[in-house]
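Architecture at a glance
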Amino acid sequence: MEKQKKIIQLIWAIALILMGIGVFYQIPYKMQQLEHIKQFSSEKYFIRFCFYLLGFLLIGGGLKKIYKYYGKSHGKDPDS
């Protein structure tokens, strides 16, 4: 049961990383769409910053989960 939980966490980590990469890929397209909306045109730099921050957080969270997975699978405790 514990091994199955670890595998699910590894899959979740990979999904987080892929979603982070997807956010970076979609930023130029979404920013073009948002520039046409007059309410958001004055705040485009803040919105772009938020998109990039979201992408970095997703990738960072996925990498952290992978680091924990490999630390526990090799008998090391990465929390200490």
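Our subject in this report is the structure included herewith. Keep in mind it's a predicted model, so treat the numbers as computed, not measured.

1. Observations regarding the nonpolar core
Formed by Leu16, Val23, Ile27, Met31, Leu34, Ile47 and Leu58, the largest nonpolar core amounts to seven residues. The element that contributes the greatest number of residues to this core is helix α1 (residues 2-35), accounting for five residues. The residues contacting leucine 16, other than those within four sequence positions of it, are Leu58, Ile59, Gly61, Gly62 and Lys65.

2. Things to note about a nonpolar patch on the surface
Taken together, the side chains of Phe46, Phe49, Leu53 and Leu57 define a hydrophobic patch exposed on the protein surface, amounting to about 440 Å² of accessible area. Relative to the elements of secondary structure, leucine 57 occurs in helix α3 (residues 44-73).

3. With respect to the environment of methionine 31
If you trace the backbone, methionine 31 turns up in helix α1. Measuring from C-alpha to C-alpha, the distance between methionine 31 and phenylalanine 51 comes to 9.5 Å, with 20 residues separating the pair along the chain. Setting aside its immediate chain neighbours within four residues, methionine 31 contacts Lys44, Ile47, Arg48 and Phe51.

4. Brief notes about the packing of aromatic side chains
Overall, the coordinates contain four aromatic pairs when judged by the stated rule. Between the aromatic rings of phenylalanine 24 and phenylalanine 56, the centroid separation amounts to 5.1 Å while the plane-to-plane angle is 70 degrees, which identifies the pairing as edge-to-face. One end of the pair, phenylalanine 24, is in helix α1; the other, phenylalanine 56, is in helix α3, and 32 residues separate them in sequence. Taken together, the aromatic side chains of Phe24, Tyr52 and Phe56 make up a single cluster linked through ring pairs.

5. Quick notes on empty space enclosed by the protein
In this structure the tally under the stated criterion is one cavity of 30 Å³ or more. Approximately 30 Å³ is the volume attributed to the largest cavity. Forming the boundary of the largest cavity are Met31, Leu34, Glu35, Phe40, Ser41, Lys44 and Ile47. When contributions to the lining of the largest cavity are tallied by element, the ones reaching two or more residues are α1, α2 (38-41) and α3. Looking at which element gives the most residues to the lining of the largest cavity, the answer is α1, with three residues. When its residues are assigned to classes, the lining of the largest cavity shows four nonpolar, one polar and two charged.

What counts, and at which threshold
- Residues numbered from 1 in each chain as written.
- Predicted model: local features only at pLDDT ≥ 70, side-chain atom pairs only at ≥ 80, totals over all residues.
- Heavy atoms only, no water.
- Core = buried A, V, L, I, M, F, W, Y, C linked by side-chain atoms within 4.5 Å.
- Buried < 20%, exposed > 50% of the residue type's maximum accessible area, 1.4 Å probe, protein only.
- Helix = DSSP H or I, 4+ residues; strand = E, 2+ residues; numbered from the N terminus.
- Contact = heavy atoms within 4.5 Å.
- Patch = residues over 30% accessible without salt bridge, like charges linked within 9 Å, V, L, I, M, F, W, Y side chains within 5 Å.
- Areas by Shrake-Rupley, 256 points an atom, 1.4 Å probe, with all protein chains shown as cover.
- Salt bridge = Lys/Arg side-chain N within 4 Å of Asp/Glu carboxyl O.
- Phe/Tyr/Trp six-rings, centres within 6.5 Å; stacked < 30°, edge-to-face > 60°.
- 1 Å grid on protein atoms, 1.4 Å probe; cavity = no way out; pocket = protein on both sides within 12 Å on 5 of 7 lines; lining within 4 Å.
- Points joined across faces, edges and corners; volume = space filled by probe spheres on them.
- Nonpolar A, V, L, I, M, F, W, Y, C, P; charged D, E, K, R; others polar.

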